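Each chain is listed here by its residues.
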Amino acid sequence: MSAGDGPSGTAPLIERDADLSRLNTFGVAARAAGLARVRDLDALPTVLDAPEWRDRPLLVLGEGSNVLLTRDFDGLVLRIEAQRIQQSHWAGDDAVVRAEAGRGWHDFVRWSVDAGFGGLENLSLIPGTVGAAPIQNIGAYGVELAACIEAVEVYDRATRGFDLLDRTACAFGYRDSVFKREPARRIVTAVRFRFGSDWSPVLSYPGVREELAARGVVSTSTPADVSDAVSAIRARKLPDPRVLGNAGSFFKNPLLPQAEADALVARHPGMPRWDAGGGRSKISAGWLIEQAGLKGHREGDAGVSAQHALVLVNHGRASGAQLLALARHVQGVVHARFGVHLEPEPLIL
Ligand code: EPU
């Protein structure tokens, strides 16, 4: 029996009136009516069916790195803390590895590159857990998680049973998935990754190539080299949530029809844009915010990072409501200046 498990060894104790301030990377103050920490996945149905909680709202938190809590939560917060990693089998020359949802994301990426598996290295140092990663299909430096997913294991609250969704059923998109579209339904319990034997590094981002060149390993780079390079870039570019509360990118990069992007670039020649396929262009929300004069802007302790304009930060005691007010202000100023709507990336509660 581990700490936090109940007398039976499987049914976790539910903490009442729990403090969530250390359970969200913004570090905002909020409380939950109940908090269950589940280390044994088999105990999940018992927790969810407990008479006191089953009809109340449920919030699943990993490391709380993609959520903005703007009020107390009058329901049950669930933390999956199961962390095992197993190489389950080989599929031809590909390795299939299963990691439980509570494992720290970067910890799992390092496990994979240290085992010699390539595919996740560009996603190094992203805060959060393995279980949170498929929800918004995390992506960075030219790679999206979806590319390495074999299947996602879930507990389905609609059918009250465990289920397995293959990659197609997950319906991944840019920072999007079936889990994000139907948030209350499925709880991710584990993720099955597929690592191909035909790995080659994804070096589409100039910054990654430059960092590897500085380390003298561009043409000979291993997954671990790329992971080190990406970690170094992120550590330089993005504020560390352990030092300054934040949830990474607060807004998605807008996807616009080609003609709309053309018109914007004609008016603002320096504006970065990328072809996103399907007749659409992706434009840089960070650039829009910086050009609107908001980089480093503060309203009390709620701020736009001075390091990276796409990140909102808590300079100390900002409340979730103050951060949300700042986000609305950023949306308003960017819309007035560019006519573009910025959509928040984290879950706003
Ligand atoms: N830019 C600015 N000012 C800023 C920041 C960025 O002008 O303060 C412009 C620059 O022109 C820069 C461009 O934006 O070249 C792109 O910036 P960056 O490479 O940092 O990437 P991003 O588009 O802002 C996205 C992801 C990040 C991911 C990076 C790298 C989204 C919403 N964000 O940011 O993901 O790390 O690319 O691939 O897609 C996250 O989701 O939390 C996250 C950090």
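Located above this text is the structure these notes cover.
In this text the structure is predicted, and so the values were computed from the model without any measurement.

Things to note about the packing of aromatic side chains
One pair of aromatic rings is described through two measures. These are the centre distance and the angle between the planes.
Consideration 1: Scanning the entire structure with this criterion turns up 12 aromatic pairs.
Consideration 2: Relative to Y205, the ring of Y141 lies with its centre 5.3 Å away and its plane at 80 degrees, an arrangement referred to as edge-to-face. Placement of the pair is Y141 in the loop between β8 (139-140) and β9 (143-144) and Y205 in the loop between β12 (186-195) and α5 (206-214), with a sequence separation of 64 residues.
Consideration 3: Here Y141 falls in the buried class, since its relative accessible area comes to 10%.
Consideration 4: Aromatic ring contacts, followed pair by pair, group W105, F108, W111, F117, F193 and F195 into a single cluster.
Consideration 5: Over the ring of Y174 we find K282, and its NZ or CZ is 3.7 Å from the ring centre.

Describing empty space enclosed by the protein
Consideration 1: One pass over the structure, following the stated rule, counts one cavity of 30 Å³ or more.
Consideration 2: Considering the residues around the largest cavity, the lining is formed by V47, L48, W53, R54, R56, L58, L76 and R157.
Consideration 3: In terms of residue class, the lining of the largest cavity is made up of five nonpolar, no polar and three charged.

What about the nonpolar core?
Consideration 1: In terms of nonpolar packing, the biggest core is built from 45 residues, with F251, L288, I289 and V330 touching the most fellow members.
Consideration 2: Breaking this core down by element, the ones donating at least two residues are β2 (31-38), β4 (67-68), β5 (73-80), α7 (258-267), α8 (285-291), β18 (302-304) and α9 (320-338).
Consideration 3: The dominant element in this core, judged by the number of residues it contributes, is α9, at seven residues.
Consideration 4: Residues lining this core come from more than one domain, with at least three contributed by each of domain 1 (14-80) and domain 3 (245-348).
Consideration 5: Residues in contact with V330, not counting those within four places in the same chain, are F251, I289, L294, V304 and L342.

A short note on the environment of N246
Consideration 1: Structurally, N246 can be placed in strand β13 (residues 245-249).
Consideration 2: With 179 residues separating them along the chain, N246 and V67 place their C-alpha atoms 9.5 Å apart.
Consideration 3: With residues near it in sequence (within four places) discarded, N246 still touches T25, F26, P239, D240, P241, V311, L312 and V313.
Consideration 4: Here the side chain of N246 touches G248 through a polar contact of 2.8 Å, landing on its backbone nitrogen.

Digging into the layout of surface pockets
Consideration 1: Counted as a void, the second largest pocket has a volume near 240 Å³.
Consideration 2: Around the second largest pocket, the lining is made up of 15 residues, and of these G118, G119, C148, G196 and W199 lie nearest the centre.
Consideration 3: Grouping the constituent residues of the lining of the second largest pocket by class yields six nonpolar, five polar and four charged.

Reading guide: rules and limits
- Residues numbered from 1 in each chain as written.
- Predicted model: local features only at pLDDT ≥ 70, side-chain atom pairs only at ≥ 80, totals over all residues.
- Heavy atoms only, no water.
- Phe/Tyr/Trp six-rings, centres within 6.5 Å; stacked < 30°, edge-to-face > 60°.
- Helix = DSSP H or I, 4+ residues; strand = E, 2+ residues; numbered from the N terminus.
- Buried < 20%, exposed > 50% of the residue type's maximum accessible area, 1.4 Å probe, protein only.
- Lys NZ or Arg CZ within 6 Å of the ring centre and 35° of its normal.
- 1 Å grid on protein atoms, 1.4 Å probe; cavity = no way out; pocket = protein on both sides within 12 Å on 5 of 7 lines; lining within 4 Å.
- Points joined across faces, edges and corners; volume = space filled by probe spheres on them.
- Nonpolar A, V, L, I, M, F, W, Y, C, P; charged D, E, K, R; others polar.
- Core = buried A, V, L, I, M, F, W, Y, C linked by side-chain atoms within 4.5 Å.
- Domains from an automatic or database assignment.
- Contact = heavy atoms within 4.5 Å.
- Polar contact = N/O pair within 3.5 Å; in protein donor to acceptor, adjacent residues only side chain to side chain.

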